[in-house]
Amino acid sequence: MDSWSLLLEGFATALQPQYLVFALVGVLIGTAVGVLPGIGPAMTVALLLPLTYTLDPTAALITFAGIYYGGMYGGSTTSILLNTPGESASIVTAIEGNKMAKIGRGAAALATAAIGSFVAGTLATVGLTLLAPVLAQFAVGLGPADYFALIVIAFITVGALIGSSVPRGMLSLGVGLFLGLIGTDLLSGQQRYTLGLLALSDGVDIVLVAVGLFAVGETLYIAARLRHGAVDVIPVARGWRTWMTREDWKRSWKPWLRGTVIGFPIGTIPAGGADVATFLSYATERKLSKHKDEFGRGAIEGVAGPESANNAAAAGVLVPLLTLGLPTTATAAIILVAFQAYGLQPGPLLFESQPALVWALVASLYLGNVILIVLNLPLVGMWVKLLQIPRPYLYAGILTFAAFGAYALNFAVVDILILVIVGVLGYFMRRFGYPVAPLVVGMILGPMAEEYLRKALQLSQGDLTTLVTQPFAAAAYGVLALLVFGGLWLRRRQRRYEQQLTETIAVPITADQEV
Amino acid sequence: MNAPLTGASERAEVTRPAPRVPVSELVFALLMLGLGIFAIVGVFNIHIPVGVQVGPTVFPIFVSVVLLASAAAVLYGVLRGRRAEVEEGEDIDPDARTDWLTLAKIIAGLVAHLLLIDLIGWAPAAAVLFGVVAWALGAKRWWLGFVIGLAIGVVVQIVFGGLLGLSLPWGPALGWLGGMF
């Protein structure tokens, strides 16, 4: 059967009323939680993981697809509408939307972000549909040494390219690898680093680590330096007519398409995730725009392009995740955990063993995009209300749900204790500039890397050269070198670019504050 | 604020003059180095079964090397003056100092929550956690957090415990409610 008829069957599954409800609920909750300030996509997905425990695998994954896309989109609403003057300069793409809102064009900014996300998300999902089966077929022929090479690529790109300093990223990765070692070695049955504690003999649950780092650690980090006082949300004009003018459409459609073209490929390769894609799109739009003077003061292209790139990258990330079982971002790593919770191992074999499930998931990605655009614009009023939740209650709620998620794993109090310990570790990592995403990726991929490494060495009877002499593995290491150098170069440019940009728009920021 | 803001990094330098020797950063990096040493020492405590060619110690050695090398690189960097670059966030006040007291209260709230679950039931324990955290973060009416927390706790308990079958303990106060499911 070719992939189109499989996809149609997927739609037949995903369009069943009960699954449609799950997709709707997933998008709603994902967006709602993603809109909450201080919560990024990784934290959204980690916090909502426990919600899916009680569902059957198909329903859970469909809900999760909705949460993933909703969470990705929700963040842009926050950065457009929340008036936090100092912060906007640190995220290059949040600037334009925020500026547009300040000059009364918030509705247009939200609309171009929503429609751009829809266009990019849908086109990128088409890309996923076309690319994934081909890649999966190819990946079936890969041996353990090849897989080990792929995982090493993921390790090094994630460790070196996420965060601000290479050694700190690699250290974070190392801690994750170490946490993955704790427990009983599956191949030989030996205990490793358990300190004789029974609670550790099954290893540390990755869900505890993900929720602990993203929810508890992040909350502690914010709590230590919380911005007190009233929450300042920029008001948005209601009503359909103010959304987008003919001029806005004319200026938006090309950035949407360019953002897609930039975002999807970058999402599929492990090169630092959506951050790089949004930055590249922003730089491109600024260069190509006929309204260069508006950049830094609310140019609609600067919202349309990066938002599309962000969503296209989000879909692109699913390609290596589904076909190779390789998560290249923290969010993808947590989705991998969701799969594993149901005994499913993403990878080439998943397409053969569970085609119905995989294609229902892909179909629900298309549906999730449609639901997103139908819901988001009319519900802007509700998202604004969410932004106004008083911070003490907001963060109390986040911690309560984090503790609930930890407890719901095994109904053991000791899990909450582990959660707190990981949370404190996460706090100090954030405080001292260590990125936490490599830790989560390392902890998930570490055991897989070890399995492939040992399989490869057993096949070669201990000959280490087997790791680099397979043609695919050798090529992979070559690509790795290119990726790392290219990525580091890009990041350097990005930082310089952001610094320049901050300097050029520094004056308008202070002017706004004084008004 | 008189001076125009010219960027996150510069503002941080103006408001928080960094000490010459970043003691806490060094201590954290040293702890990580310690973790690496612990990992490499631990390798020798792993029993290798007889006749296994690629045993359970191969990968731990690799991990230990990653830990030790990167921790050493971070230490070297910090000593050379390469300080941490911390991220900002929507709700973070870039000019605030670390509020250790609030952090201690929140941790205490979490620990109280985990100790109380089996004693007073999940929903009341959730109310304690929610209330303590809201109070620690400066909620205007200190009791409101406990009320909201109890409401959320009871709803979660009914939906997840009662209807979806997660075994959250009901506790003595809500036992009658649990009996209804």
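Along each chain, the written sequence defines residue order, and numbers are assigned to residues from 1. Written order decides the labels, with chains lettered from A and ligands numbered from 1. Reporting in this predicted model follows two pLDDT cut-offs: at least 70 for local features of residues, and 80 or more for side-chain atom pairs to be given and counted; totals over whole chains, interfaces and linings ignore these cut-offs and use all residues.

## Some details on the interface of chain B and chain A
No. 1: Contact between two residues is assigned when their C-beta atoms, built from the backbone, lie within 7 Å. Counting residues at the interface gives 71 residues for chain B, matched by 73 residues for chain A.
No. 2: In this description a helix means any DSSP run of H or I spanning at least four residues, a strand means any run of E spanning at least two, and both kinds are numbered starting from the N terminus. Of all the secondary structure elements, the ones that give two or more residues to the side of chain B that touches chain A are helix H1 (8–15), helix H2 (23–43), helix H3 (58–79), helix H4 (100–120), helix H5 (122–136) and helix H6 (142–163) of chain B.
No. 3: Residues are grouped as follows: Ala, Val, Leu, Ile, Met, Phe, Trp, Tyr, Cys and Pro are nonpolar; Asp, Glu, Lys and Arg are charged; all remaining types, including Gly, are polar. Among the residues making up the side of chain B that touches chain A, the classes are represented as 45 nonpolar, 17 polar and nine charged.

## Concerning unusual backbone geometry
Residue and element names in this part refer to chain A.
No. 1: One non-glycine residue, Tyr-193, lies in positive phi territory at about 55°.
No. 2: Inspection of the secondary structure puts Tyr-193 in the loop between strand S2 (191–192) and helix H9 (206–224).
No. 3: Residues with at least 20 neighbouring C-beta atoms inside 10 Å of their own are called buried, those with 12 or fewer are called exposed, and the rest are partly exposed, where every C-beta is derived from the backbone. Take Tyr-193: there are 19 C-beta atoms within 10 Å of it, and that puts it in the partly exposed class.

## Considerations on the packing of helix H13 (residues 330–341) of chain A against helix H19 (residues 437–459) of chain A
Two quantities define a packed helix pair, namely the angle between the axes and the distance from one axis to the other.
Residue and element names in this part refer to chain A.
No. 1: The contact between H13 and H19 brings their axes to 9 Å, and the two run at 35°. Relative to H19, the crossing made by H13 is left-handed. Where H13 abuts H19, its residues Ala-330, Ala-333, Ile-334, Leu-336 and Val-337 lie against Ala-437, Val-440, Val-441 and Ile-444. Axis angles are defined between N-to-C directions and span 0 to 180 degrees, where every axis is a line fitted to C-alpha atoms and, for a helix, only to the segment in contact. Crossing handedness is read from the near helix: turned anticlockwise from the far helix by less than a right angle, it gives a left-handed crossing, and turned clockwise, a right-handed one.

## Focus on H2(B)
No. 1: Given a rise of 1.5 Å per residue, 21 residues ought to cover 30 Å, and the 30 Å separating the end C-alpha atoms of H2(B) matches this to within 8%.
No. 2: Three or more residues of H2(B) are buried, namely B:Glu25, B:Phe28, B:Ala29, B:Met32, B:Gly36 and B:Ala39. For H2(B), the arc enclosing every buried residue in end-on projection is 95°, short of the 170-degree limit, so these residues lie on one face. Summarising the geometry of H2(B), the exposed residues directed more than 90 degrees from the buried face are B:Val23, B:Val27, B:Gly34 and B:Val41.
No. 3: Buried residues belonging to H2(B) abut helix H8 (166–181) and helix H18 (413–431) of chain A together with H3 of chain B. In this scheme, a helix's expected span is set at 1.5 Å multiplied by one less than its residue total. Taken from the helix axis, the directions to the C-beta atoms give the arc we talk about.

## Describing the confidence of the model for chain A
No. 1: pLDDT measures how confident the predictor is about each residue, on a scale from 0 to 100. Of all residues in chain A, 93% attain a pLDDT of 70 or more, and the chain-wide mean is 83.
No. 2: Counting contacts from residues 85–90 of chain A, a segment whose pLDDT is below 50, to residues more than four positions away or on other chains yields 17 contacts.

## Observations regarding the environment of A:Val319
Residues and elements named next belong to chain A.
No. 1: Relative to the helices and strands, Val-319 resides in helix H12 (residues 301–324).
No. 2: Along the sequence, Val-319 and Leu-200 sit 119 residues apart, while their C-alpha atoms lie 34 Å from each other.
No. 3: Beyond its immediate sequence surroundings of up to four residues, Val-319 is in contact with Leu-128, Leu-131, Ala-132, Leu-135 and Thr-268.

## Comments concerning the environment of B:Leu35
No. 1: Looking at the secondary structure, you find B:Leu35 in helix H2.
No. 2: C-alpha of B:Leu35 to C-alpha of B:Ala71: the two residues are 36 residues apart in sequence and 9.2 Å apart in space.
No. 3: Apart from the residues lying within four places of it in its own chain, the contact partners of B:Leu35 are A:Val175, A:Phe178 and B:Leu67.

## Topic: the confidence of the model for chain B
All names here are of chain B.
No. 1: Averaged over chain B, the pLDDT score is 83; the fraction of residues at 70 or greater is 87%.
No. 2: Contacts from residues 1–17, a stretch scored under 50 in pLDDT, to residues over four places away or in other chains number 23 contacts.
No. 3: Reported for the predicted complex are a pTM of 0.86 and an ipTM of 0.86.

## Side note on the nonpolar core
No. 1: Membership of the largest hydrophobic core comes to 222 residues, with the highest contact counts inside it found for A:Val211, A:Ile334 and A:Val440.
No. 2: The dominant element in this core, judged by the number of residues it contributes, is helix H6 (residues 106–140) of chain A, at 17 residues.
No. 3: Domain delimitation follows an automatic or database domain assignment. Summarising the domain contributions, this core has at least three residues from each of domain 1 (17–79) and domain 2 (100–178) of chain B.
No. 4: When sequence neighbours within four positions are dropped, the list of residues in contact with A:Val211 reads A:Ala46, A:Leu47, A:Val216, A:Ala402, A:Gly405, A:Ala406 and A:Leu419. Structurally, a nonpolar core is described as a collection of buried Ala, Val, Leu, Ile, Met, Phe, Trp, Tyr and Cys residues joined by way of C-beta atoms within 7 Å.

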